[in-house]
Amino acid sequence: MDAHTLKLFQRKAIKSKKEVLEALSNYSFRLAHGKKYSLDAAFYRPALIELIDRFTKKVCNCDLAYLEKPFASYEIVITNIDITLNSVEYTKISLDENDEIESTESSAYAPVICANAHFISIEEFAQRFSIDTKIATDWIKHRKIKCAEKRPSGWYVMETQGFPSEESQSGSHFFIGESGDLSSVASLSKGTQTFTAFQDERQDGLLDSMSLDANGRLIEHRQIGSDELNALEDALIRSQDVLFENALIEVIDEKVISGFNKNPFSAIKEAEILNFVTELDLPEETKGVLRAMARDNCGENLFIETLEKLSMKDNFLLFINESIAKHTDNHSRVFQGSALDWKNQL
C-alpha cells in the first residue's frame, strides 16, 4: 500500500482511547437526537443508549493502547446483543475513484472490550410497549421475537428488542454455554456453534440453512422446510445457552474529524478544559504545556498527574462537578461517563 493510501487511512482511522470515546459520544448523540423512535424499529433506542453508556464506562476504565502500526485501527461493532471494540490490522486497502475506501483485507482481528446487552422480564418488556403480557409471550411462541430465553421464573427478552414487525426475524442462533454445542439443544449436527436459516428464492417454501463450527467453518448446508425450522427455533429460543443475533446496528470505524460530525458534548468537553486551563493562576508557559496535554490523544493521565503536582486537584474537581451538572440530561450519559471517569481518577 502506497503513501497516498496511508495518508487517507490515517486521516480516518481510530487509533487512540480518546478517538474511541469521541466516536462513541458522537454516535450516542446522533442516536438520541435523531429521527423519533418508531414502533417498528429493529431495536429499542433508549436501551441501546444505555448499552452504549455501559460500554463507554468500560473503555474509560481500561488502559487502551495507542495503535502505532501504520495500517492498524480500532472499530466499534454494535449489534442487538452486544458492543465490541476490535483492533484490526489491514493488509490490503482498495480505494474507489473518489478516494473512499472500497474494500479491505485484514491479517489480524482481535476483540479488545465487550459489553453485553441484558435480558429483561417479559412483564417489563410488555410494560415498555403498553401491551398485555400474554401478547408478548405469544410473540415469542410464534417466533416474532427470537432473542429470548425461558427461565424457571418465566420468559425473558433482550433489552434492545424493539416492537416486532410482521416479517420473520432473520439472523443467527449461536451457542454460549460453557460446554457442548447447539446439537445438545436442538436436532443439529454435532459441533454446530452457529445456525442460520434464510429464504431460498429459487425454491418456493424451502429455506437454506447453514451450520458452522467454532471457527466459522461450514459443517452442513441443506434446505429445510418451515415446519422443521419452527421446531428447531422453538428449542433454540427456549435455551439459556443460545443467543439470537438479528441486527448489525452499526460499525464505527472512522474517528470524529474536527469540524465534521462532531456533537456538542465532545466539542464542549475540550473547549471547556482549555478554558479551565486558561483561567488557572499559572505561568503562561505552564498553561501552554497543560493545553498540549489536554489536546493530545494519549495525554489525559499525564494531564491529571500534572494538575495534582501543581496543587490544582481541588480546582479541577470543582470544574468536573460543574461540567457534569451543566450537561445533566437524558442525552449526555456518554459525556457524564467520561467526566466521572476523570473525577474518579482525582
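Residues numbered from 1 in each chain as written. Predicted model: local features only at pLDDT ≥ 70, side-chain atom pairs only at ≥ 80, totals over all residues. Heavy atoms only, no water.

Concerning the overall build of the protein
Part 1: The helix and strand inventory of the protein stands at 11 helices and 12 strands.
Part 2: Sequence-distant contacts in the protein: of pairs separated by 6 or more residues, those separated by 24 or more amount to 60%.
Part 3: Surface summary for the protein: the accessible area is close to 18,200 Å², and the carbon and sulfur share equals 48%. (Helix = DSSP H or I, 4+ residues; strand = E, 2+ residues; numbered from the N terminus. Contact = heavy atoms within 4.5 Å. Areas by Shrake-Rupley, 256 points an atom, 1.4 Å probe, with all protein chains shown as cover.)

Points about the sheet that holds strand β5 (residues 148–151)
Part 1: Ordered in space as β4-β6-β5, the three strands form an open sheet in which the pairing is antiparallel. The sheet is open, and its two edges are formed by β4 (119–121) and β5, each paired on a single side. With direction set aside, neighbouring strand axes in the sheet form an average angle of 35 degrees.
Part 2: Across three bridges, β4 lies against strand β6 (residues 154–158) in antiparallel orientation. The partner of I120 across the bridge, within β6, is V157.
Part 3: Here helix α6 (residues 226–238) sits on the sheet and contacts β5 and β6; the angle it forms with β5, its principal contact strand, is near 65 degrees. (Pairing = 2+ DSSP bridges. Axes fitted to C-alpha atoms, helices over the stretch in contact; angles between N-to-C directions.)

Focus: the confidence of the model for the protein
Part 1: Confidence along the protein averages 81 in pLDDT terms, with 80% of residues attaining 70 or more.
Part 2: No element of the protein has a lower mean pLDDT than helix α11 (residues 333–345), which averages 47, and none a higher one than β4, which averages 95.
Part 3: Below pLDDT 50 for its whole length, residues 36–40 participates in 10 contacts with residues either more than four positions away or in separate chains.
Part 4: With pLDDT under 50 throughout, residues 259–268 is counted as low confidence; its partners more than four residues away or in other chains account for 19 contacts. (pLDDT = per-residue confidence, 0-100.)

What to know about the sheet that holds strand β3 (residues 101–116)
Two modes of strand pairing occur in sheets, parallel and antiparallel, and in both the strands are linked by backbone hydrogen bonds.
Part 1: With respect to topology, four strands assemble into an open sheet ordered β3-β2-β1-β12, the strand pairing being antiparallel. Because the sheet does not close on itself, it has two edges, and the strands there are β3 and β12 (248–252). With direction set aside, neighbouring strand axes in the sheet form an average angle of 25 degrees.
Part 2: Pairing of strand β2 (residues 82–95) with β3, which is carried by 13 bridges, proceeds in the antiparallel orientation. From the neighbouring strand, K92 faces β3, where its bridge partner is E105.
Part 3: Along the sheet, helix α1 (residues 3–12) contacts β1 (72–79), β2 and β3; its crossing angle with β2, the most-contacted strand, is approximately 160 degrees.
Part 4: Along the sheet face, helix α3 (residues 45–60) touches β1, β2, β3 and β12 and points at about 85 degrees away from the line of β3.

Re unusual backbone geometry
Part 1: Phi at S130 is positive, roughly 55 degrees, even though this residue is not glycine.
Part 2: Residue position: S130 is located in the loop between α4 (122–128) and α5 (133–141).
Part 3: When its relative accessible area of 69% is taken as the criterion, S130 is described as exposed.
Part 4: For S311, which is not a glycine, the phi torsion comes out positive at approximately 60 degrees.
Part 5: When you line up the elements, S311 lands in the loop between α9 (300–309) and α10 (313–326). (Buried < 20%, exposed > 50% of the residue type's maximum accessible area, 1.4 Å probe, protein only.)

Some points on the pattern of salt bridges
Part 1: The final tally for this structure, using the stated rule, is 14 salt bridges.
Part 2: Among the salt bridges present, the one from R143 reaches D234, with a minimum N-O distance of 2.8 Å. With R143 in the loop between α5 and β5 and D234 in helix α6, the pair connects residues that are 91 residues apart, well separated along the chain.
Part 3: Classification of R143 as buried rests on a relative accessible area of 15%. (Salt bridge = Lys/Arg side-chain N within 4 Å of Asp/Glu carboxyl O.)

Examining the pairing of β2
Part 1: Of the pairings in the sheet, the one linking β1 to β2 comprises seven bridges and is antiparallel in character. Each bridged residue has a counterpart across the sheet, and for S73 the counterpart in β2 is V88.
Part 2: Where β1 folds back onto β2 in an antiparallel hairpin, the turn is made up of two residues.
Part 3: Hairpin connection from β2 to β3: five residues lie between these consecutive antiparallel strands, with D99 at a positive phi of about 65 degrees.

Things to note about the packing of aromatic side chains
Part 1: With the rule as written, the count across this model stands at seven aromatic pairs.
Part 2: Consider the rings of F129 and F163, whose centres lie 5.6 Å apart with planes at 80 degrees: the pair is edge-to-face. Placement of F129 in the loop between α4 and α5 and of F163 in the loop between β6 and β7 (172–175) is noted, with a sequence separation of 34 residues between them.
Part 3: Residue class for F129 comes out buried when judged on its relative accessible area of 10%.
Part 4: A relative accessible area of 25% places F163 in the partly exposed class.
Part 5: The lysine or arginine in question, R151, covers the ring of Y156, its NZ or CZ lying 4.1 Å from the ring centre. (Phe/Tyr/Trp six-rings, centres within 6.5 Å; stacked < 30°, edge-to-face > 60°. Lys NZ or Arg CZ within 6 Å of the ring centre and 35° of its normal.)

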